[in-house]
Amino acid sequence: MSLDISNWKIEDVLRSLRSRETTATEICQASLARIAAENPKNNSLITVTQERALARAAAIDRMAASGERLPPLAGVPVAVKDVIVTEGTRTTCGSRILENYVPPYTATAVERMEAAGAIVVGKANCDEFAMGSSNENSAFGPVRNPYDLERVSGGSSGGSAAAVASGMAVAALGSDTGGSVRQPASFCGVVGLMPTYGRVSRYGLVAYASSLDHIGPVGRSVKDVAVLLSAIAGHDPLDSTSAAVPVPNYVSELDGNLKGFKIGVPREYFAEGLSSGVRTQVEAGLQALGKLGCEMVEITLPHTEYATACYYIIATAEASANLARYDGVRYGYRAPGAASLSEMYQKTRGQGFGAEVKRRIILGTYVLSAGYYDAYYLKAQKVRHLIAADFSNAFEKVDAIAAPTAPTPAFRIGEKTANPLEMYLSDVYTLPGSLAGIPGISVPCGWSSAEGDGGSSSEIKKLPVGIQLLGKHFDEARLLRLAHQFEMAGGVA
Amino acid sequence: MELTRDALEIPETLKGKYEPVIGLEVHVQLRTRSKIFCGCSTRFGDPPNTNSCPVCLGLPGALPVLNREAVAMAVKAALALNCRVNSFSRFARKNYFYPDLPKGYQISQFDQPLAEHGWIEIRSEEGQAEGGPQEKGTKRIGITRLHMEEDAGKSIHDGFPDSQDKSYVDLNRSGTPLAEIVSEPDLRSSAEAYDYLTRLKQILEYLDVSDCNMEEGSLRCDANVSVRPRGQQELGVKAEIKNLNSFRYLQKALDYEIARQTQLLERGEKVVQETRLWNLEQQKTVSMRSKEYAHDYRYFPEPDLLPLAVSDAWQKEIQQTLPELPDAKRRRMVSQYKLREYDAEVLTASQALAGYYEKVAAAGADPKLAANWVMGNLLGALKAAGKQIGESPVSPEALAGLLALIQDKTLSGKMAKSVFEEMLSTSESAKTIVGRMGLSQITDSDQIRDTIRNVIAANPKQLAQYKSGKTSLIGFFVGQVMKETKGQANPQKVNELLKEELGGA
């Protein structure tokens, strides 16, 4: 009679450990068993850290046995996106070029999570170097959506979202650069938060686009995400861009009413390109928020249409530099048989990187090149300021903004791979928040029938839809409260 | 075209016709204990790759954190070089691939450097009249900017059994803080460039912000050189000369390059914009890459670091730590000790030397006598022993003690030299040595006169010759007297009294 934790939340783990109903070791074994059963189907994890996880679980059990007070994440099985480094456990970034790379140190966020008792059970699959919106850019194969294995999990933190959705881990860490936590959370029916830029240390997060990269928690409930955020947030002397803003107790801030809370509904997010299924669900979500006492205010974020272009200039420019270090000299893959240094560079990077990574490196190199810098990079920086100003202006009138997380539910594997631009548009609602550096959360908002499947003879699958809530800088506490109240009220059926 | 060695000589007529224009880019390692973006040691000479961590190895996920001490040193240098320190500056990524550059980019500063608009004063022949008066003029050389950056590692291409087909990389140096100091194109000869670099190095040494050791690479220099017809306003096409790793090479390379460009122009050919390397074996500059192959470094602001803020308060605090700089010290010493300009120049070559000298003077020695002894006997002896001023076996106080014995005529100059020799090897005080060796100058007239009379009496033949007009024999008598007194008789007195005695005999 084995333990099933596939629906557990963090509080279930804590309760069962405190009451001695079960042990951290049993919970860990249950997680590993679930991984063994589900991972072959959805490919969420690249590496399973069984030995290390069991050793840490045993340590938690010793703590419990000695009567020590258990920390807030004691015994909680978590998955960590494979762009976040873990000492002694290979960190591939979903890339062939780092296929066998074992880092000598651990990221601050993981260190803090482990210090709070969490147990890392595996490294989650992702788009190569977090570049992608479907997890199809992984050198380790795509992650399949647990609700429909023919569909994508979303990306780039597809493995983190699918691992939580399929019950392999209770929670996970992902990273969000342009929507990479929120969009897969929405596709997989879980909660995903992109905190304010600077809220969580990036030390040990393998850089894709440094000014846009955020580590963010994924969970089965808003409360779990709040618990995780409380553990990992705060200034880190090793990350100069991490902010010295005090960290509130996000969990105790969850309760409280929303009377008079003003929610901005940006006109631009409900325009052309939004699927009818998602629109229906998100509009229902807005009504649910209204019932909680929130006041809906129509707002405009006029520079929204430039966000995608702006993002793909800034992010790729930074990426072109960030990925220069994978040159075959010191670590990672080195192509054999090169006759010269430059040939070694070319072959190594030519063979080691996938197509999307190469596309972005080339794009980023181009926009920084002499003669193009002003027209592209500099202009994009100016646009970024305008987009951020859109939000600042809006937040003078409203407390939070509600919008769809993604224009469609999960699409079919292979559906958009031939057209990068179409793929880029799946992040159209998450990119502006990333550029502004404000916090955003995706919360499940009911189910939609898969687009275009209406006429199919097979049964019509229902796919998760997420609603995105955006807040002011460092206003995660109120954002989480809003999301939590929405979830507690039943969200949208 | 390349030049033969002989072609280095430019005819005077061409020197009058063309004018060289030179600017220097100098990199100095700041002598912080730890690296600019991580806590690793900056020590030189440790086993390869031992001073390294995820940050300076450029491992995935690692982030830079700026070393405040490095900023303080750079600001100190900027202030001493009369620069305006920007209250906000910014780091930028300079992108290029090289095996000793672990991140594939160097964190540097680009469009918003730490400091700008400085200058230093050099000696210049420009102010000098034809024929050359003794006192040379001075000239201000502008400093365009001083910015901070990280050093790269070192590629090692030889010395290993498999160096034929492999290179090795040592990343101990990766992340060592550097200040890059860029001059305006204000220098007009290799001599001026030499003097500029000398003075820049001297200032940085005074500030104690860098070892300035060219052999260990803690001071490195590149030069931009162009030549134009005299009177022409716009600059000629320049070449960048790299690999100038000593003062001698700097001057040689510049002379070669100026001659090369002058001859090209004189023949009506064009100078090509390019980077050239000073080749030590061939004693010439050799083309490395032309403009078409110049790197596009694709600078952009470093997103991992916040803008660097230097507050007025911090700047003032650093300003207060500035020592007296060489120029000010030289001027003060000229007026305070009535030294010759040249002597003050020599004595202020380093802070330690100037400090030594001033201690000797402070201990009561006559300033001019002290200057002569420090510059002559002391520096000579230290140089012969291969020692620095700080390692002198004779302390300033001890030297002052010796000079006091000269001043009170206990010792003659010659005796003092032999006492000084003894002091160098035993580190004893002059008094002790004088006492031990029974050395003390005989100044008593009667005592000397007695000796003189004995000597005259003992040498009747020479006396007769002297009397018959061979007055040059006075030297013989002096020698004899000195011999009798073991050199301790005051030579002036001996001369005086001998003349009296010989005349009266």
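Residues numbered from 1 in each chain as written. Chains lettered and ligands numbered in written order. Predicted model: local features only at pLDDT ≥ 70, side-chain atom pairs only at ≥ 80, totals over all residues. Heavy atoms only, no water.

Structural notes on the pairing of strand β13 (residues 274–279) of chain B
All names here are of chain B. Heads up, the condition is: Strands pair, by our definition, only if DSSP identifies at least two bridges between them. Secondary structure elements are taken from DSSP: a helix is a run of H or I of four residues or more, a strand is a run of E of two residues or more, and numbering for both begins at the N terminus. Here is how to tell: hold the view so the strands point away, follow the path from the first strand over the helix to the second, and if it runs clockwise the crossover is right-handed.
Of the pairings in the sheet, the one linking strand β12 (residues 239–244) to β13 comprises four bridges and is parallel in character. Opposite A239, over in β13, you have E274 as the bridge partner. Handedness of the β12-helix α4 (residues 247–266)-β13 crossover: left-handed. In terms of strand pairing, β13 meets strand β14 (residues 284–290) through six bridges, oriented antiparallel. Across the sheet, the residue bridging to L277 is V286, located in β14. Here β13 folds back onto β14 in antiparallel fashion, the turn holding four residues, of which Q283 has a positive phi close to 55°.

Concerning the interface of chain A and chain B
Accessible area lost when the parts come together is the quantity often used to give the size of an interface. So the rule is basically this: By definition in these notes, contact holds between two residues if any of their heavy atoms fall within 4.5 Å. Here's the idea: put two parts together, see how much 1.4 Å probe accessible area each one loses, and the total over both is what we call buried area. One side-chain nitrogen of Lys or Arg within 4 Å of one carboxyl oxygen of Asp or Glu is enough to make a salt bridge. Pairs of N or O atoms within 3.5 Å make up the polar contacts considered here, provided that, within protein, one atom can donate a hydrogen while the other can accept it, and that residues adjacent in sequence are counted only when both atoms are side-chain atoms. Only Asp, Glu, Lys and Arg are considered charged in this grouping, and only Ala, Val, Leu, Ile, Met, Phe, Trp, Tyr, Cys and Pro are considered nonpolar; every other residue, Gly among them, is considered polar.
At the junction of the two partners, chain A supplies 38 residues and chain B supplies 31 residues. Summing the contributions of chain A and of chain B, the shared interface buries around 2700 Å²; its carbon and sulfur component is 60%. The three residues of chain A that bury the most area against chain B are S240, R325 and R330 of chain A, which together make up 21% of that side's buried surface. Between D304 of chain B and R202 of chain A there is a salt bridge, with the nearest N and O atoms lying 3.0 Å from each other. Remark: the boundary between chain A and chain B carries 15 residue pairs in polar contact (both at pLDDT 80 or more). Residue assignment for the side of chain A that touches chain B shows that the elements contributing at least two residues are α9 (307–322), α10 (341–352) and α11 (355–368) of chain A. Among the elements that take part in the side of chain A that touches chain B, α9 of chain A stands out by supplying four residues, more than any other. Looking at the side of chain A that touches chain B, its residues break down into 23 nonpolar, eight polar and seven charged.

Brief notes about the domain arrangement of chain B
Put simply, the test is: Where each domain starts and ends comes from a domain assignment, either automatic or drawn from a database.
Assigned domains within chain B: domain 1 (5–30 + 65–151 + 178–309), domain 2 (326–437) and domain 3 (445–504). For domain 2 of chain B and domain 3 of chain B, the distance between their C-alpha centroids amounts to 34 Å.

Some words on the pairing of strand β6 (residues 115–124) of chain B
Residues and elements named next belong to chain B. Relative to β6, strand β2 (residues 84–85) is paired through two bridges, and the arrangement is antiparallel. By the bridge assignment, V85 is partnered in β6 with A115. Across nine bridges, β6 lies against strand β7 (residues 137–150) in antiparallel orientation. Note that in β7 the partner of R123 across the bridge is T138.

Here we look at the confidence of the model for chain B
Residue and element names in this part refer to chain B. Which entries qualify depends on this criterion: Confidence per residue, as judged by the predictor, is encoded in pLDDT with a range of 0 to 100.
Mean pLDDT over chain B works out to 89, with 95% of the residues at or above the 70 mark. With pLDDT under 50 throughout, residues 127–135 is counted as low confidence; its partners more than four residues away or in other chains account for four contacts. Across the interfaces of the predicted complex, the ipTM metric reaches 0.95, alongside a pTM of 0.90.

Comments concerning the packing of helix α3 (residues 190–207) of chain B against α4 of chain B
Residue and element names in this part refer to chain B. Which entries qualify depends on this criterion: Note on method: axes are straight lines fitted to C-alpha atoms, helices fitted across the in-contact stretch only, with angles between N-to-C directions ranging 0 to 180 degrees. Any angle that is under 35 degrees is reported as roughly parallel, and any over 145 degrees as roughly antiparallel; angles of 65 to 115 degrees are reported as roughly perpendicular and all others as oblique. Each helix crossing is assigned a hand: it is left-handed if the near helix lies turned anticlockwise from the far helix by less than a right angle, otherwise right-handed if that turn is clockwise.
With their axes 9 Å apart at the nearest point, α3 and α4 run at an angle of 155° to one another. For the element pair α3 / α4, the angle class is roughly antiparallel. Between α3 and α4 the crossing geometry is right-handed. For the pair formed by α3 and α4, the contact residues are S190, A191, A193, Y194, L197, T198 and K201 on the first element and F247, L250, Q251, L254, D255 and I258 on the second. Across the contact of α3 with α4, the residue classes tally to eight nonpolar, three polar and two charged.

Some thoughts on the confidence of the model for chain A
On average, chain A scores 95 in pLDDT, and the residues at 70 or more come to 98%. pLDDT under 50 marks residues 453–457 of chain A. Its contacts with residues more than four places away, or in other chains, come to four contacts.

Points about unusual backbone geometry
Apart from glycine, the bulk of residues carry a negative phi angle, and the bulk of peptide bonds sit in the trans form. Cis geometry marks the peptide bond from G155 of chain A to S156 of chain A; its omega dihedral reads 10°. In this model, F129 of chain A sits at a positive phi of 50°, which is unusual for a non-glycine residue. Looking at the element boundaries, F129 of chain A is found in the loop between β3 (119–124) and β4 (144–145). Phi at H117 of chain B takes a positive value of approximately 60°, unusual for a residue other than glycine. Within the secondary structure, H117 of chain B is located in strand β6.

Remarks on the sheet that holds strand β11 (residues 400–404) of chain A
All names here are of chain A. One open sheet holds the eleven strands; their spatial order is β1-β3-β2-β6-β8-β7-β12-β13-β11-β9-β10, and the pairing between them is mixed. A strand with exactly one partner marks an edge of an open sheet, and here the two such strands are β1 (45–48) and β10 (295–299). This sheet shows a mean twist of 30° between the axes of neighbouring strands, independent of strand direction. Pairing geometry for β11 and strand β13 (residues 462–470), over four bridges, is antiparallel. The residue of β13 that forms the bridge with A402 is L469. Against the sheet, helix α15 (residues 476–488) makes contact with β7 (191–194), β9 (262–266), β11, β12 (440–449) and β13, and its axis sits at roughly 25° relative to β12, the strand it touches most.

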